[in-house]
Amino acid sequence: MMRKRVYHRFPHREVQFEQKHRYYSDLPFFVKVMAGMDGKFGMFVTESATKKGHRIQAKREIGVEVAMNSMDFAPLNYENVDSVVDTIEPEGIIDFRMTLSYSYLDGKYNRVPLRSDVYLVRAILESEVLTLRVNHIDGQERTECGRVADTIIDELRRGA
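Only a predicted model underlies this, so the values are computations on that prediction, with no experimental measurement involved.

(A) Main features of the nonpolar core. Phe30, Leu76 and Phe96 are the most contacted members of the largest nonpolar core, which totals 39 residues. Those elements that provide at least two residues to this core are α1 (27-37), β3 (55-68), α2 (81-85), β5 (92-105), β6 (111-126), β7 (129-138) and α3 (145-159). Among the elements that line this core, the one with the most residues is α1, at seven residues. Aside from chain neighbours lying at most four places away, what touches Leu76 is Val31, Met34, Ala35, Asp38, Val64, Glu65, Val66, Val81, Val84 and Phe96. Ranked by size, the runner-up nonpolar core spans five residues in total, among them Tyr7, Phe10, Phe73 and Leu120.

Structure follows, in structure tokens:
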């Protein structure tokens, strides 16, 4: 049974970032790539939460969820991706919620969390054109919406 994977509260008028790409695969492949991003992390430089103007090396970890029943999101990862892919048409619209969790090591090498950022990501695939729409919905936006889209495209290229 095909279920809608569209979040009913996705912002329609105010899209903060939109990007179109040529895309020669289908949405099930896209969902597998998104699932593969769950739990990945990298290092980046950001502003300290405590000292104004002070730059710190921080860890950024990705959490991925997929829309379900138009009302909520469910975790999307290696364990459950096959059951999700079975419900997806080759083309159409799918919404995701991505959470970027940040942390850094303090002077005593203790891991200190920073406030996470939450994004809504809409993937629209029609006739080999993939449109990514990214909206920041919570947090301090330590990562720009365009960077989130670029990360997804980089992962798609790696996966292809």
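(B) Highlighting α1. Extensive coverage of α1 is indicated by the burial of nine of its 11 residues. Considered for burial, the residues of α1 that qualify are Leu27, Pro28, Phe30, Val31, Val33, Met34, Ala35, Gly36 and Met37. On the buried face of α1, the contacting elements are β3, α2, β5, β6, β7 and α3. Measuring from the backbone nitrogen of Phe29 back to the side-chain oxygen at the start of α1 gives 3.0 Å, which picks out Asp26 as the cap. Count one or two residues on from α1 and you reach Gly39, which has phi positive near 90°.

(C) Main features of the pattern of salt bridges. Under the defined criterion, the tally for this structure stands at seven salt bridges. Its salt-bridge partner being Lys52, residue Glu47 comes within 3.5 Å of it at the nearest N-O pair. The partly exposed category is assigned to Glu47, whose relative accessible area is 29%. The salt bridge involving Arg97 is made with Glu65; its shortest N-O contact spans 2.8 Å.

(D) Seen up close, the packing of aromatic side chains. One pass over the structure, following the stated rule, counts four aromatic pairs. Ring centres of Tyr7 and Phe73 lie 4.7 Å apart, and the angle between their planes is 50°; on these two criteria the pair is classed as tilted. In this pair, Tyr7 is assigned in the segment before β1 (17-22) and Phe73 in strand β4 (residues 72-75), connecting sequence segments 66 residues apart. This pair shows no difference in class: Tyr7 is buried, exactly as Phe73 is. Through successive ring pairs, a cluster of aromatic residues spans Tyr23, Phe30 and Phe96. Here the basic side chain of Lys59 rests over the ring of Phe41, its NZ or CZ set 4.4 Å away from the ring centre. It is Arg60 that lies over the ring of Phe44; its NZ or CZ is 3.9 Å from the centre.

(E) Summary view of the pairing of β4. When β3 meets β4, the two strands line up antiparallel, connected through four bridges. The partner of Val66 across the bridge, within β4, is Ala74. Hairpin geometry of β3 and β4 is characterised by an intervening segment of three residues between the two adjacent antiparallel strands and by a positive phi of about 55° at Asn69.

(F) Representation of the side chain of Thr143. Here Thr143 shows up in the loop between β7 and α3. Here Arg60 takes part through its side chain, which lies 2.7 Å from a polar atom of the side chain of Thr143.

(G) Fine view of the environment of Val6. Position of Val6 among the secondary structure elements: in the segment before β1. Note: C-alpha distance between Val6 and Ser70 (64 residues apart in sequence) is 5.3 Å. The residues contacting Val6, other than those within four sequence positions of it, are Ala67, Ser70, Ile93, Asp95 and Arg122.

About the thresholds
Residues numbered from 1 in each chain as written. Predicted model: local features only at pLDDT ≥ 70, side-chain atom pairs only at ≥ 80, totals over all residues. Heavy atoms only, no water. Core = buried A, V, L, I, M, F, W, Y, C linked by side-chain atoms within 4.5 Å. Buried < 20%, exposed > 50% of the residue type's maximum accessible area, 1.4 Å probe, protein only. Helix = DSSP H or I, 4+ residues; strand = E, 2+ residues; numbered from the N terminus. Contact = heavy atoms within 4.5 Å. Polar contact = N/O pair within 3.5 Å; in protein donor to acceptor, adjacent residues only side chain to side chain. Salt bridge = Lys/Arg side-chain N within 4 Å of Asp/Glu carboxyl O. Phe/Tyr/Trp six-rings, centres within 6.5 Å; stacked < 30°, edge-to-face > 60°. Lys NZ or Arg CZ within 6 Å of the ring centre and 35° of its normal. Pairing = 2+ DSSP bridges.

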